[in-house]
Protein chains: 2
Amino acid sequence: MASRPTSSSAIPGNPADLIDFAALSLLPSWCRLPIADALRAGEPPHEVFERCAARHWPHEPDEVAAIRSKARAAADRATAQALTPIVWSDPRYPAALAAIVDPPPVLWTRGDPAACDGALVAIVGSRAASPYALSVATALATDLATRGIGVVSGLARGVDSAAHRGVLEADGVTIAVLGSGLDVVYPPEHASLASDIARRGLVVSELVPGTPPLPEFFPRRNRIISGLSRAVVVIEAGDKSGSLITARCALEQGRDVLAVPGNVLSGRNRGAHGLLRDGAKIVESADDILEELGMCRSAEASRSGSGMEREALAERRPHDPILDCLVPGEPSDLDEIAERSGLLPSRLLPRLMELELAGAVARVGGGRFVRIDRPC
Amino acid sequence: MASRPTSSSAIPGNPADLIDFAALSLLPSWCRLPIADALRAGEPPHEVFERCAARHWPHEPDEVAAIRSKARAAADRATAQALTPIVWSDPRYPAALAAIVDPPPVLWTRGDPAACDGALVAIVGSRAASPYALSVATALATDLATRGIGVVSGLARGVDSAAHRGVLEADGVTIAVLGSGLDVVYPPEHASLASDIARRGLVVSELVPGTPPLPEFFPRRNRIISGLSRAVVVIEAGDKSGSLITARCALEQGRDVLAVPGNVLSGRNRGAHGLLRDGAKIVESADDILEELGMCRSAEASRSGSGMEREALAERRPHDPILDCLVPGEPSDLDEIAERSGLLPSRLLPRLMELELAGAVARVGGGRFVRIDRPC
């Protein structure tokens, strides 16, 4: 992880240097790597901006002023819309995203920034998805959510929105990364989905509020989807699918790439099968993803393991009377846990909070708790 | 390739040592490797038989005589049924099969032994195959046949017979390896398919004529399917599929293993996906198989082929508005096809029957129809 200087002005909720960071994000594309390098080196954002702007527009002070004014307008618009901008130096800036070569200087967000704190997996795929792809996306997203894994996607039609919805149905955490400003939801029919996501997780964009969803923004948006995630799962990508861009970004960022196989006759899975051909891990179920992340007993063992192997695996996990009452992936409410454990809810709650702090259980919607499988 | 001494008695059509080889094939299973080693070392078959029989039945001359008599009866039966026995020392004995550790001492055959001379690929898979698996098996077999590759399979219901039929439709060469004597075709409803195969290729068994199709014969039969072939392609194998035995034999024999991916929700492809997980090459089309055999321009090139090539391919396929509404391998009911095509069910049904007669669609359970992909 790159070390990031925390600026004194990066107070959550009131980033004094927001306009500097926003201005940096409005500079031309060739500035991105020098900006990231300079910020990582600890240079204050306004100095980075002055230097880059002076190199690009040495004799055009009006151009530089226009960028500053655009940045100011973006900040005002964010305030008016109650967005939460998270600048690069903000402690809430997602650590995994900060580690990519060209992290966005600002993330404009709506929802809970803590959504980025847990383990995240991206699920991406076809917009014109088959019923099969939608079923798989929903099932994988739901299964990941119930095991305490957050799901990142792009709010697009098809696989993306099926994945978001699968998480929401399981009261899990999901993050949508847009290819437009946060106030210009695309596609428009997903506006209410975006609101639901903001309530249960986070909606994110590196583009200043008001930015329209131009085609050129989506390929770069994809690096944020993979950059937030530990792994990218591709479902039903054709030959030229944008999901393959996300997969390439993931590889460049050192994240795992996984793909779901499917029908070889429809032509719909050529991209996903191409990834498998190139060494992506094959995904049949959420177990395969968790196994790749080193977060559960091996999927192979769960598929074919003997009773003895299973017992041996179980023995490696610490025994806890409350954990023993929880089935991994199945949220339980306080009354159910009390009944199973024989402990009064008043005694149970402090223990559950301890387990939550230890990362052994997660709190999910409806006051329920879910056990998180530990790495084996 | 092991060197094989050609005996003066191994005259094609009249193998004088047939009874010795047949007797060797009737010895108990523990004799198989010593027999293969002795034959490879140039020991005459009757000496190998005397030695093995004396070790197994040192004081039971009647048992030994019974084996000899069974072997003689088998040879007579083969003559009566105009079978062609090919003994291990026969120059027509398939070279690839002679290279495995335990080649059958005799192959009882019907058809043209030269069928084994070209490049052969095995296609094996589920007996209770889905329409998708049948479509893929047919399409791959047809494509391989039209490129001059012979297809080996096991004459079973489902994928095996679809592969044989795909080859026959393309006037190609196919080889069926039975798990019973050549005169006891199993399953019985494939008797006429077996006759068709004998006319266009070869039907083969290591079991003497009259042997019933006992379950224990099939796993060993599978080593002949892979032993004849340069590669084994597995289509729709579940967790415990016999096709996985064929795949394991192929690996032990140093042959390539390939697998066709499919639906991850049905559970039908767990075995095939397991093979992919273990490093089997993924097959979407015959190109992938030929590429693995080093026999064609790279599948990658043909996949990303120029627009002109694709147009040329597309032009060879007839366009049909109803076919265009059907995804190969995915059954659709009348209402779904009506909705997609915009045609009334009353107008649709006669057209679907025409397409069925033309072999372009098949009727599957629940009044649904599935498109059958034609070779391009």
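Since this is a predicted model, take the numbers as computed values, not measurements.

Our next topic: the overall build of chain A. Summing up its helical and strand segments, chain A has 16 helices and 14 strands in all. A buried classification covers 52% of the 376 residues belonging to chain A. Sequence-distant contacts, at least 24 apart, represent 69% of the contacts inside chain A between residues at least 6 apart. Just so you have it, chain A exposes about 15,900 Å², and 53% of that area is on carbon and sulfur atoms.

Below, the discussion takes up the interface of chain B and chain A. Counting residues at the interface gives 25 residues for chain B, matched by 22 residues for chain A. At the boundary of chain B with chain A, total buried surface from both sides reaches about 2,100 Å², with 59% on carbon and sulfur atoms. Where chain B touches chain A, the interface holds four salt bridges. Measuring nitrogen to oxygen at the nearest pair gives 3.2 Å for the salt bridge that ties arginine 277 of chain A to aspartate 288 of chain B. The tally of links between chain B and chain A comes to eight residue pairs in polar contact (both at pLDDT 80 or more). For the side of chain B that touches chain A, the leading source of residues is helix H11 (residues 270–277) of chain B, giving four residues. Class assignment for the residues of the side of chain B that touches chain A results in eleven nonpolar, six polar and eight charged.

Here we take up the sheet that holds strand E6 (residues 150–153) of chain B. All names here are of chain B. In space, the nine strands of this open sheet follow the order E3-E4-E8-E7-E6-E5-E9-E10-E11, with mixed pairing throughout. A single partner strand is all that each edge strand has here, and the edge strands are strand E3 (84–87) and strand E11 (281–282). Where strand E4 (residues 106–111) meets strand E8 (residues 202–205), four bridges bridge the pair, whose relative direction is antiparallel. Note on E8: the bridge partner recorded for tryptophan 108 is serine 205. Together, strand E9 (231–235), strand E10 (256–260) and E11 form the strand contacts of H11, whose direction differs from that of E10 by roughly 130 degrees.

Let us look at the pairing of strand E8 (residues 202–205) of chain A. Residue and element names in this part refer to chain A. Neither face of E8 is left uncovered, since the one carrying Leu202 and Val204 and the one carrying Val203 and Ser205 both have all their residues buried. In this structure, strand E7 (residues 174–177) lies alongside E8, joined through three bridges in parallel fashion. In the sheet register, alanine 176 faces E8, and the bridge partner there is valine 203. One crossover worth recording links E7 to the parallel E8 by way of helix H8 (residues 191–200), and it is right-handed.

In this section: the pattern of salt bridges. According to the stated counting rule, one finds 35 salt bridges over all chains in the structure shown. Ionic pairing is found between arginine 199 of chain B and aspartate 196 of chain B, a salt bridge with its closest N-O pair at 2.6 Å. Of this pair, arginine 199 of chain B and aspartate 196 of chain B both sit in helix H8 (residues 191–200), separated by three residues, roughly a single helical turn. In this structure, glutamate 206 of chain B engages arginine 223 of chain B in a salt bridge whose closest nitrogen and oxygen atoms are separated by 2.8 Å. Taken together, the residues span a long stretch of sequence, with glutamate 206 of chain B in the loop between E8 and helix H9 (217–227) and arginine 223 of chain B in helix H9 at a distance of 17 residues. Each member of the pair glutamate 206 of chain B and arginine 223 of chain B is classed as buried. When salt bridges that share partners are traced, they join Asp102, Glu206, Arg220 and Arg223 of chain A into one network.

Our focus in this paragraph is the side chain of serine 243 of chain A. Mapped onto the elements of the fold, serine 243 of chain A is located in helix H10 (residues 243–252). Ignoring anything within four residues of it in the chain, the contact list for serine 243 of chain A reads Val124, Gly125, Ser126, Val234 and Ala237 of chain A.

Residue and element names in this part refer to chain A. One open sheet holds the nine strands; their spatial order is E3-E4-E8-E7-E6-E5-E9-E10-E11, and the pairing between them is mixed. For this open sheet the edge positions go to strand E3 (84–87) and strand E11 (281–282), each flanked by a neighbour on one side alone. Where strand E6 (residues 150–153) lies against E7, three bridges are found, and the strand directions are parallel. Its bridge partner being in E7, valine 152 is matched across the sheet by isoleucine 175.

Bringing the nonpolar core into the picture now. Ranked by internal contacts, the top residues of the largest apolar core, which has 136 residues, are Ile175 and Leu228 of chain A together with Ile175 and Leu228 of chain B. Counting 31 residues, the second-largest nonpolar core is a separate cluster that includes Ala137, Leu144, Ala170 and Ile235 of chain A.

All names here are of chain B. Burial analysis of H9 places eight of its eleven residues in the buried class, which makes it a mostly covered element. Inspection of H9 places Phe218, Arg221, Asn222, Arg223, Ile224, Ile225, Ser226 and Gly227 among the buried residues, and these make up the whole buried set. Elements that come into contact with the buried residues of H9 comprise helix H5 (95–98), strand E5 (120–125), E6, strand E7 (174–177), E9 and helix H10 (242–252).

Our next topic: the packing of helix H1 (residues 18–25) of chain A against helix H4 (residues 61–80) of chain A. What describes two packed helices is the angle between their axes and the distance between those same axes. Residue and element names in this part refer to chain A. H4 packs onto H1 with a crossing angle of 120 degrees between their chain directions and a minimal axis gap of 8 Å. The pairing of H1 with H4 is recorded here as oblique in orientation. H4 is crossed by H1, and the crossing has right-handed handedness. Note on element contacts: H4 touches H1 through Ile67, Arg68, Ala71, Arg72 and Ala75, opposite Leu18, Ile19, Asp20, Ala22 and Ala23.

Right, let's talk about the confidence of the model for chain A for a bit. All names here are of chain A. Put simply, chain A has an average pLDDT of 86, and 87% of its residues get 70 or more. Predicted confidence for residues 1–14 stays below pLDDT 50, and this span has 29 contacts to residues more than four positions away or in other chains. Here residues 297–318 scores under 50 on pLDDT; set against residues more than four positions off or in separate chains, the count is 26 contacts. Predicted complex, confidence summary: ipTM 0.72, pTM 0.75.

In this section: the packing of H9 of chain B against H10 of chain B. Residues and elements named next belong to chain B. Where H9 meets H10, the axes come as close as 8 Å, and the angle between the chain directions of the two elements is 50 degrees. By the angle class used here, H9 and H10 are oblique. Where H9 crosses over H10, the handedness of that crossing is right-handed. Residues Pro219, Asn222, Arg223, Ile225 and Ser226 of H9 form the contact with H10, whose own contacting residues are Gly242, Ile245, Thr246, Cys249 and Ala250. For the contact of H9 with H10, the residue count by class is five nonpolar, four polar and one charged.

Rules and cut-offs
- Residues numbered from 1 in each chain as written.
- Chains lettered and ligands numbered in written order.
- Predicted model: local features only at pLDDT ≥ 70, side-chain atom pairs only at ≥ 80, totals over all residues.
- Heavy atoms only, no water.
- Helix = DSSP H or I, 4+ residues; strand = E, 2+ residues; numbered from the N terminus.
- Buried < 20%, exposed > 50% of the residue type's maximum accessible area, 1.4 Å probe, protein only.
- Contact = heavy atoms within 4.5 Å.
- Areas by Shrake-Rupley, 256 points an atom, 1.4 Å probe, with all protein chains shown as cover.
- Buried area = accessible area lost by both parts, 1.4 Å probe.
- Salt bridge = Lys/Arg side-chain N within 4 Å of Asp/Glu carboxyl O.
- Polar contact = N/O pair within 3.5 Å; in protein donor to acceptor, adjacent residues only side chain to side chain.
- Nonpolar A, V, L, I, M, F, W, Y, C, P; charged D, E, K, R; others polar.
- Pairing = 2+ DSSP bridges.
- Axes fitted to C-alpha atoms, helices over the stretch in contact; angles between N-to-C directions.
- Right-handed = clockwise from strand over helix to strand, strands pointing away.
- Core = buried A, V, L, I, M, F, W, Y, C linked by side-chain atoms within 4.5 Å.
- Parallel < 35°, antiparallel > 145°, perpendicular 65-115°, else oblique.
- Left-handed = near helix turned anticlockwise from the far one by under 90°.
- pLDDT = per-residue confidence, 0-100.

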